[in-house]
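Coordinates in review
Letter by letter, the chains look like this.
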Amino acid sequence: MKAIRRFTVRPVLPDPLQPLSDLARNLRWSWHTETRELFQAVDPVAGRAAEGDPVRLLGAVSAGRLAELARDEQFLQRLAEVSADLREYLEGPRWYQEQRAQGDGLPAAIAYFSPEFGVTAALPQYSGGLGILAGDHLKAASDLGVPLVGVGLLYRHGYFRQSLSRDGWQQERYPVLDPNELPLTLVREADGTPSQIALSLPGGRSLHAQIWQAQVGRVPLLMLDSDVEDNAPVEREVTDRLYGGGSEHRLLQEMLLGIGGVRAVRTFCRLTGHPAPEVFHTNEGHAGFLGLERVRELSTTGLDFDAAVEAVRAGTVFTTHTPVPAGIDRFDRELVARHFGDDGELPGVAADRILHLGMETYAGGDPGVFNMAVMGLRLAQRANGVSTLHGAVSREMFAGLWPGFDAPEVPITSVTNGVHAPTWVAPEVYRLRTESGGTPGRWDSVARIPDRQLWDLRRTLREQLVTEVRGRLRDSWRNRGAEAAELGWIDGVLDPGVLTIGFARRVPSYKRLTLMLRDRDRLRRLLLHPERPVQIVVAGKAHPADDSGKRLVQELVRFADDPRVRHRIVFLPDYGMAMAQKLYPGCDVWLNNPLRPLEACGTSGMKAALNGCLNLSVLDGWWDEWFEPDFGWAIPTADGSALDEDRRDDLEAGALYELIEDRVAPRFYDQGEEGLPGRWIEMVRRTLGTLGPKVLADRMVREYVERLYAPAAQAGRTLDAATARELAGWKARVRAAWPRVAVDHVEAVTATAAGGSAELGSTLTLRVRVTLGALDPDDVEVQAVAGRVDSADAISDAQVFPLKPAGGQDLEGRWLYDGPLALDRTGPYGYTVRVLPAHRLLATGAELGLVAQPTEATGEGGGVLMR
């Protein structure tokens, strides 16, 4: 018989064990070794069954065992020490508090919105890199004392669990998650009733949601759940699963995340006294509607729409994670229009004003769609990509929003992602670093670790991976219908002494899961080499609606099922955090071969590197930025060529095979008299000691604080109601007047040398006449832009030289500007002149996307040739 209702009966802990409840409810245990070991000691057998989740463990341990522990003085002493350590961690000053004490003007709080969070496998609310990055962001913020409030959704089915059919086809299942069995607490009002927020929907309907709180160290994570009795059945299912449903379902999820998320933050701050956020960080466009809710809030104070938008922009940071337009959520304009205005959210605001924020107004844009990333950029004064290369790709991709500016000047910067070391570094690696004199903030101690110890560590981690793989592979085959008697061969899968390559990620086509299969005979020779064999562990999920991705999984699985090679290559289904934490440390080489430049960052290779695993990757994402031969190998690519996709894959697969055959495997197996591969060990040492500090989430969060959060907080404080009105009015005046702004004449007063060339170190004095129409010189900045030029006279590596007013208007109403132009480099050199809007409250001169430049008929203009 099946139960008609399910609920959780919580254990009653004896008084001496009450601190266990607090420890279990704070997700710091997911990265704090001593806390995990304490819970393991509660009941080792139940702990394994609970897969390391303390909440499940405490629900499974017997009353007799709890009574026994309550009398165990040694256990109680450990419990007291771990509890005291948590209190000190939560209450003591950390890096952020030290910075604020120095008067750096840091924000009192930051709200961080993301559609998914990968904090721990015990809270399965993530699908891939975006969620794992968000989880690492919260953890690093907690470690640094950054007053972040995370905001997301609670998906009752999470993301799907993956298994395989007998013929290798991906199958999905969606287990129901009971929030009462998760490390969550329901946010309640003072009278004990659950707190709720509500959104208005068309037709007089409402979408209600309750708020669950996860505590990630010092950081509260608020998660909205629409499965409440006040909702109709359709609305109850809004938070059913991550990235599921059709367009309207996704739109409602994103409205709940953005609009409902702001309301949840306000509720949380009201109930707890937590400081109100001064900065709102939108992690990808899914949460972009948060800006509209903040506009609505400000409109209730008397600000008009345009002034409210300026105030919201000042304190908003937008991070884009996608390098391709197809990765952006776009909704039908009419669908969005139905959900706003007098019959939906933001009543009193014309739907056209809202729709314009997401309109693709640039060349090639679709006027019939509402683009969430475009809205995110228009509602944020500061934006960034997630690696240096991705920043450049993003500037190209979104350049149409700033017409007249070259891509390098598009106001999108970059903060390269990082990963949370305590989460991803194997305890054995941490222990060896500590024994060699290392501290949490120092990585140079690895230089003192003897070669033998490093090599033995790598062997130990590889042995652990082999054990893990065999167990998971056996479970997978049983799920595929195999009998135990068929699976004796699994005991010989992988070899702890063989070079091990890992490849694990989501399975969209651009990540090229099956590039390694381009020449199967060559791959078999690599796997079965008599002297230098290679073994490969592969994992990854295709989106449930992506049949092409599922075919790639099946192709890989069928190859790995071949009895000739199945002991050397395996596919592990249901890739997630728990698997990853074993996979990264146990591999010797981490493989990444996306189509360049379609990998925004690719943090899996960072996690591997923190464990001494070398990277073998296309120069994309973070690897393009930090690759050195000391840390691994770069796979040559054919991007930018006119080759078709198949030919490009053939060439890049050939380059991959060649690297493994000629450089990777020989170095691993080149073992000297003592049986140690000295050059390989030195690469491991350099990876740990030099690359390790760069890839840390601590570094990433510090950059966000210093480069984005602090300036956004300062801008937000400056833009009070009066100043916001001033800025909005000024922008409206400038936009109206700009069609009449022109550069009328440009001349170089100081003559160049004979033949139109000039000497290095000389100076040109430019004189420029501009028409400003209804604007004044205080409204603009006139600049000379100079640099090297190519055969088409395009300027690169440009420098900007401001020109100053040189008097009033002439008889024709034009303004004269002049200034020096230093000629400080040789070769073909050119300059141009432009006029930009200028205001003290603009973050950049490109902010309005307005620029006036000379025409071909404007004076000398032109360039000079230097020798």
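As a further point, take the overall build of the protein. Within the protein one finds 28 helices and 28 strands. Taking the principal axes of its C-alpha atoms as reference, the protein extends roughly 95 × 70 × 50 Å. Classification of the 867 residues of the protein by burial places 57% in the buried group. Counting only contacts in the protein whose residues sit at least 6 apart along the sequence, the fraction spanning at least 24 positions is 73%.

Formed by 101 residues in total, the largest nonpolar core has its most connected members in Met 516, Ile 536, Leu 616, Trp 633 and Trp 680. Beyond its immediate chain neighbours, meaning those up to four positions away, Met 516 contacts Phe 503, Leu 523, Ile 536, Val 538, Leu 556, Ile 569, Leu 591 and Tyr 657. Judged by nonpolar contacts, the second largest core, of 99 residues, contains Val 187, Val 238, Leu 335 and Val 349.

If you walk through the whole model with that rule in mind, you get zero disulfides. This cysteine, Cys 587, is not joined by any disulfide, and Cys 613 carries the nearest cysteine sulfur, 5.7 Å off.

Between side chains of opposite charge, a pair can form when the charged atoms approach closely. Applying the stated criterion to the full structure yields 60 salt bridges. When the shortest N-O distance is used, the salt bridge between Arg 686 and Asp 630 registers 2.6 Å. Residue Arg 686 is found in helix α26 (residues 678-691), and its partner Asp 630 is found in the loop between α24 (621-626) and β20 (632-635); the two are separated by 56 residues along the sequence. Here Arg 686 falls in the partly exposed class, since its relative accessible area comes to 34%. In this structure Asp 630 comes out as partly exposed when scored by relative accessible area, which is 29%. Its salt-bridge partner being Lys 731, residue Glu 847 comes within 3.0 Å of it at the nearest N-O pair. Of this pair, Glu 847 sits in the loop between β27 (827-837) and β28 (863-866) while Lys 731 sits in helix α28 (residues 721-737), and the two are 116 residues apart along the sequence. Relative accessible area serves as the criterion here: at 3%, Lys 731 is assigned to the buried category.

Leaving glycine out, the prevailing phi sign among residues is negative, and the prevailing peptide bond configuration is trans. For the peptide bond that leads from Arg 596 to Pro 597, omega is 5°, which places it in the cis range. As for its placement among the helices and strands, Pro 597 is situated in the loop between β18 (589-592) and α23 (604-609). The phi dihedral of Glu 284 falls on the positive side, at around 75°, and the residue is not glycine. On the secondary structure map, Glu 284 appears in the loop between β9 (279-283) and α11 (290-299). A residue is classified by how much of its surface remains accessible, and Glu 284, at 7% relative accessible area, is buried. Although it is not a glycine, Leu 346 adopts a positive phi angle of roughly 55°. Take Leu 346: its relative accessible area is 1%, and that puts it in the buried class.

A few words on the pairing of β18. Residue alternation in β18 divides its side chains into two sets, Val 589 and Leu 591 and Trp 590 and Asn 592, and both sets are buried. With two bridges joining them, strand β15 (residues 499-504) and β18 adopt parallel strand pairing. Bridged to Ile 501 within β18 is Val 589. The sheet contact formed by β18 and strand β19 (residues 614-618) spans four bridges and is parallel.

Time to look at the sheet that holds β20. Paired through their backbone hydrogen bonds, the strands of a sheet run either parallel or antiparallel. Strand order in this open sheet of six strands is β17-β16-β15-β18-β19-β20, and the pairing throughout is parallel. Strand pairing shows two members of the sheet lacking a second neighbour, β17 (569-572) and β20, which therefore form its edges. Pairs of neighbouring strands in the sheet enclose a mean axial angle of 20°, with direction left out of account. In terms of strand pairing, β19 meets β20 through four bridges, oriented parallel.

Counted residue by residue, strand β7 (residues 206-216) has eight buried out of eleven residues, so it is predominantly covered. By the bridge criterion, five bridges tie strand β6 (residues 196-200) to β7 in an arrangement that is antiparallel. Of the residues in β7, the one forming a bridge with Ile 197 is Ala 209. The antiparallel hairpin formed by β6 and β7 contains five residues in its connecting segment, where Gly 203 sits at a positive phi of about 80°. Two strands pair when backbone bridges link them, and β7 and strand β8 (residues 219-225) are joined in this way by seven bridges, in the antiparallel orientation. Paired with Gln 210 across the bridge in β8 is Asp 225. Between β7 and β8, which pair antiparallel in sequence order, lie two residues; one of them, Gly 217, sits at a positive phi of approximately 65°.

What counts and what doesn't
Residues numbered from 1 in each chain as written. Predicted model: local features only at pLDDT ≥ 70, side-chain atom pairs only at ≥ 80, totals over all residues. Heavy atoms only, no water. Helix = DSSP H or I, 4+ residues; strand = E, 2+ residues; numbered from the N terminus. Buried < 20%, exposed > 50% of the residue type's maximum accessible area, 1.4 Å probe, protein only. Contact = heavy atoms within 4.5 Å. Core = buried A, V, L, I, M, F, W, Y, C linked by side-chain atoms within 4.5 Å. Disulfide = S-S within 2.5 Å. Salt bridge = Lys/Arg side-chain N within 4 Å of Asp/Glu carboxyl O. Pairing = 2+ DSSP bridges. Axes fitted to C-alpha atoms, helices over the stretch in contact; angles between N-to-C directions.

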